[in-house]
Amino acid sequence: MFLLATGILAAVSSICLGIKIFAPWLHYDLVYLRKVMKIVKEFNSAAKITKTVADYFDETVAMYPNKVFIVFQENSFTYKQVQEKANQVARAALEMGLHTGDVVAIMMYNQPALIWTYLGLQKIGVQQAFINHNLRSKSLAHCINVCEPKLLIVGQGKDLLDSVTDIQDDLVGISFYSCDTSLPATFKSFTEACSSMSTDAIDVSERALLEFSSVNCYIFTSGTTGLPKPAIVTHAKTLRGALVMWMFDISRDDIVYEPLPMYHSAGLIVGIGSVLSKGATVVLREKFSATRFWDDCRKHNVTIIHYVGELLRYLVNTPESADDKKHCVKHAIGNGLRRDVWLEFQRRFSVPNMVEFYAATEMPIGFINLFNKFGACGRSSPFLRKIVPCTFVKYDVNNDTPFLGDDGLCLPCGADEVGLLVVPLGKDVTFEGYKNQTAANEKKLIKNVFKQGDTYVNAGDLFYVDKDYFTYFHDRVGDTFRWKGENVSTTEVSNVVSSVDFLQDACCYGVLVPGCEGRAGMVAVCPKDTERSTLSEDELDVIRNQCKELLPSYARPRFLRLQKEFEITSTFKQRKVSLQKEGFDVPHITEPVYYLDTHTDRYLPLNSSTCRDITNGRISV
């Protein structure tokens, strides 16, 4: 019997070793599958009883009432304290006449009040639209109106109040509440409305009508239509996001550092959701600070940090210190990390496990790198595509469309070939799209991909897959690029710049800047006077002021280029490829180019010397 058991173990070991040596991709898949299945099991169990994030929170409070949930500045809040605040929010909302399915817009900085407001409204099934607090003017009014909220809750900060009062005439049928102490006459105090309420538990019957397919919240994503679009996030998708950190065994003993904005799904759903689902602790930052980052991590014994690639670039650009490796961080999870930053970050700070992932709020799938594989954002093998269905098709970046074969269908990519990520729709793979955005929803879908009548979701992102089926993000396509960790809509920027009275047209695109994550905004402008050979200081100031007033800071163009006319495609679209290739390389550009000087906050002429300084990092943009 002993010999038989020994023989079986030896055979199994030999098979495992053989797989690892001769089919390493299958070995990776089996390890990956083992980690994924616990998430699938948890999700399926929750789906059977419509167990939402609010239910997970209630369970965690019952298990760890006195454990610290949120650390913010010099204050800390236990799970019980946040629960009581959330219960007051829920009761206040009911008093205001809100019920399951109603929409509330929230515009707050990263503060504990945002978290208990979110959880309180979740307790009664109220949907929430999270408004980017950087938005102003037309973009802000659009985001609030498109979600059709009954209430708008504005957080602390006079600038937030001012930005809303400036557009209040454009907001119809909405009640206004603020968390500030000094209020305009048109606002009521949300803080006072909540503080007078009981802290007793909210009965689960208040959210009994919820289904897993019900809307949890709206997260805005910028895209090709020019203005931000509210991506529909269901309770099912929210729970998937909240289980992400379970993939590397987050526990109640972990402390997560969260500097990402809560108006994005990464900060709110992945960050806060993962923490509360396991009873961990979050150290919340109102705003990212490179100089305070590691001091905070050491002070609070942080074990997990949450990033976007741009954030880590700021960290590696800080002066080296003898304390760089003195921390308790075990995992860094996030997305958009460039390879050179990845290498330097691990060299300097020695974080053992880098968990790079890919996800888009509106997409039905995502990838995650659980193997610390340098540069990769996940896996997509033939085997795993049965579980996470997707494929990559050849893409014509010059014409912004997939390549088609003689049969009119898309062409699949081979190993290491860059292609567009597309996801087939089916029974278990759905696309909720954007609220009140029919045209944008239709544009996100591709039909007749591999056979007549099929429908796929277009991710709008390019990837390549290596021989071991690790996936690598390559670039974005279409009319959106990423800068400072935010998506920038080229259409929105073009519209703002072209509205300047002495300009006839504007074309926005993203350009690569050495040492910077993503792409910096550059706008080619055509004056109404086509014989113009330069722009005056006053005219440059007009463009600067227009962008400063109507665009969030990350969307303001870093470069301007004077053009007499634009090259137009057969479908009347501006051709941007040649402009993007030339970038701001003034030695090879005959037209005047200007850059936004961060010290004077003015556009200045760009010459060869200044161009070299920007390229070498001596001048920052």
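Given the structure is predicted, the values throughout are model-derived calculations rather than measurements.

**Q** Describe helix α2 (residues 24-48), with residues and values.
**A** Taking 1.5 Å per residue, 25 residues should reach 36 Å; α2 reaches 36 Å between its end C-alpha atoms and fits that length. Of all the bends in α2, the greatest, near 25°, is centred on Val36. Here α2 has its buried residues at Asp29, Val31, Tyr32, Leu33, Val36, Ile39, Phe43 and Ala46. Thr50 lies just past α2 and shows a positive phi near 50°.

**Q** Which residues make up the pairing of strand β22 (residues 470-476), and what are the values?
**A** As paired elements, strand β16 (residues 378-379) and β22 share two bridges and run antiparallel to each other. Paired with Arg379 across the two strands is Phe470, which belongs to β22. The pairing of strand β21 (residues 455-465) with β22 spans five bridges and is antiparallel. In the strand pairing of β22, Leu462 is matched with Asp475. Hairpin connection between β21 and β22: a loop of four residues separates the two successive antiparallel strands, and Tyr469 in this loop has a positive phi of roughly 70°.

**Q** Summarise the sheet that holds strand β15 (residues 367-368); cite the residues concerned and give the values.
**A** A sheet is described by the order of its strands in space; here eight strands give the open sequence β2-β1-β11-β10-β12-β13-β14-β15, paired in mixed fashion. A single partner strand is all that each edge strand has here, and the edge strands are β2 (75-78) and β15. The pairing of strand β14 (residues 353-358) with β15 spans two bridges and is classified as antiparallel. Its bridge partner lying in β15, Phe357 is registered against Ile368. Strands β12 (304-308), β13 (331-335) and β14 of the sheet are contacted by helix α12 (residues 309-316), whose axis makes an angle of about 105° with β12. Helix α13 (residues 339-349) rests against β12, β13 and β14 of the sheet, and its axis sits at about 155° to β14.

**Q** Describe the nonpolar core, and please don't skip the residues or the numbers.
**A** Membership of the largest hydrophobic core comes to 74 residues, with the highest contact counts inside it found for Phe69, Ile70, Leu119, Phe130 and Leu276. If sequence neighbours within four positions are ignored, Ile70 has contacts with Asn75, Ser76, Phe77, Val82, Pro112, Ile115, Val282 and Leu284. The next biggest cluster of nonpolar side chains, apart from the first, holds 47 residues, and it includes Met522, Ala555, Val586 and Leu606.

**Q** Kindly report on the sheet that holds strand β3 (residues 103-107), identifying the contributing residues and their values.
**A** Sheet architecture is open: seven strands sit in the order β7-β6-β5-β3-β4-β8-β9, paired in mixed fashion. What marks the edges here is a single partner per strand, and that holds for β7 (188-189) and β9 (229-234). Pairing analysis gives four bridges linking β3 to strand β5 (residues 151-154), with the strands arranged parallel. Considered in β5, the bridge of Met107 is made with Val154. Contacting β3, β4 (127-130), β5 and β8 (215-221), helix α5 (residues 112-122) crosses the sheet at an angle of about 150° to β4. In this fold helix α7 (residues 158-165) packs onto β3, β5 and β6 (175-178), with an angle of close to 150° to the strand it touches most, β5.

**Q** An account of the packing of aromatic side chains is requested, with residue identities and associated values reported.
**A** Tallied over the full model, the rule gives 32 aromatic pairs. Aromatic pair Tyr32 and Phe371: ring centres 6.5 Å apart, planes at 25°, arrangement stacked. With Tyr32 in helix α2 and Phe371 in the loop between β15 and β16, this residue pair connects regions lying 339 residues apart in the sequence. Exposure remark for Phe371: the relative accessible area of 22% places this residue in the partly exposed category. An angle of 85° between the planes, with centres 6.5 Å apart, marks the rings of Phe431 and Tyr434 as edge-to-face. Each member of the pair, Phe431 together with Tyr434, is buried. Members of the aromatic cluster, joined through ring pairs, are Tyr257, Phe288, Phe293, Trp294, Tyr314, Phe345 and Phe349. Sitting over the face of the ring of Phe371, Lys35 holds its NZ or CZ atom 5.9 Å from the ring centroid. Seen from the ring of Tyr56, Lys51 lies directly overhead, with NZ or CZ sitting 4.1 Å from the centre.

**Q** Can you tell me about the domain arrangement of the protein, naming the residues and giving the values?
**A** If you check the domain split of the protein, you get domain 1 (78-210), domain 2 (378-436 + 445-476) and domain 3 (480-616). Once you take the C-alpha centre of each, domain 2 and domain 3 turn out to be 31 Å apart. Listed per partner, the contact involves five residues of domain 2 and seven residues of domain 3. Carbon and sulfur atoms make up 33% of the surface buried where domain 2 meets domain 3, a total of about 450 Å² over both sides. If you look at where domain 2 meets domain 3, you find one salt bridge. The shortest N-O distance in the salt bridge between Asp475 and Arg519 comes to 2.4 Å. Counting every contact that joins domain 2 to domain 3 gives one residue pair in polar contact (both at pLDDT 80 or more).

**Q** Kindly report on the side chain of His327, identifying the contributing residues and their values.
**A** Along the chain, His327 falls in the loop between α12 and β13. Looking at His327, its side chain comes within polar contact range of the main-chain oxygen of Phe349, at 2.5 Å.

**Q** If you had to explain a nonpolar patch on the surface to someone new, which residues and values would you point to?
**A** Where nonpolar side chains cluster on the molecular surface, the patch consists of Leu30, Phe383 and Ile387 and spans about 240 Å² of accessible area. Structurally, Leu30 is set in helix α2.

**Q** Kindly report on the environment of Val103, identifying the contributing residues and their values.
**A** Mapped onto the secondary structure, Val103 falls in strand β3. Separated by 23 residues in sequence, Val103 and Val126 have C-alpha atoms that sit 6.0 Å apart.

**Q** Could you give me a rundown of the packing of α12 against α13, with the residues and numbers involved?
**A** Orientation of α12 relative to α13, taken along the N-to-C sense of each, is 50°, at an axis distance of 10 Å. In terms of orientation, α12 and α13 fall into the oblique class. For the element pair α12 and α13, the recorded crossing hand is left-handed. When α12 is examined against α13, the residues Leu312, Arg313, Leu315 and Val316 are found in contact with a partner set consisting of Val341, Glu344, Phe345, Arg348 and Phe349.

**Q** Which residues make up the pattern of salt bridges, and what values do they have?
**A** By the definition in use, this model includes 37 salt bridges. With its nearest N and O atoms 2.6 Å apart, the salt bridge here joins Arg561 to Glu582. Of this pair, Arg561 sits in strand β27 (residues 559-562) while Glu582 sits in helix α17 (residues 577-582), and the two are 21 residues apart along the sequence. Two residues, Glu591 and Arg561, come together in a salt bridge whose shortest N-O distance is 3.0 Å. Of this pair, Glu591 sits in the loop between α17 and β28 (593-597) while Arg561 sits in strand β27; the two residues are 30 residues apart in sequence, bridging distant segments of the chain. Owing to a relative accessible area of 26%, Glu591 belongs among the partly exposed residues under this scheme. The class for Arg561 is buried, based on a relative accessible area of 5%.

About the cut-offs
Residues numbered from 1 in each chain as written. Predicted model: local features only at pLDDT ≥ 70, side-chain atom pairs only at ≥ 80, totals over all residues. Heavy atoms only, no water. Helix = DSSP H or I, 4+ residues; strand = E, 2+ residues; numbered from the N terminus. Expected span 1.5 Å × (residues − 1). Bend = angle between axes of the 7 residues up to and from the residue. Buried < 20%, exposed > 50% of the residue type's maximum accessible area, 1.4 Å probe, protein only. Pairing = 2+ DSSP bridges. Contact = heavy atoms within 4.5 Å. Axes fitted to C-alpha atoms, helices over the stretch in contact; angles between N-to-C directions. Core = buried A, V, L, I, M, F, W, Y, C linked by side-chain atoms within 4.5 Å. Phe/Tyr/Trp six-rings, centres within 6.5 Å; stacked < 30°, edge-to-face > 60°. Lys NZ or Arg CZ within 6 Å of the ring centre and 35° of its normal. Domains from an automatic or database assignment. Buried area = accessible area lost by both parts, 1.4 Å probe. Salt bridge = Lys/Arg side-chain N within 4 Å of Asp/Glu carboxyl O. Polar contact = N/O pair within 3.5 Å; in protein donor to acceptor, adjacent residues only side chain to side chain. Patch = residues over 30% accessible without salt bridge, like charges linked within 9 Å, V, L, I, M, F, W, Y side chains within 5 Å. Areas by Shrake-Rupley, 256 points an atom, 1.4 Å probe, with all protein chains shown as cover. Parallel < 35°, antiparallel > 145°, perpendicular 65-115°, else oblique. Left-handed = near helix turned anticlockwise from the far one by under 90°.

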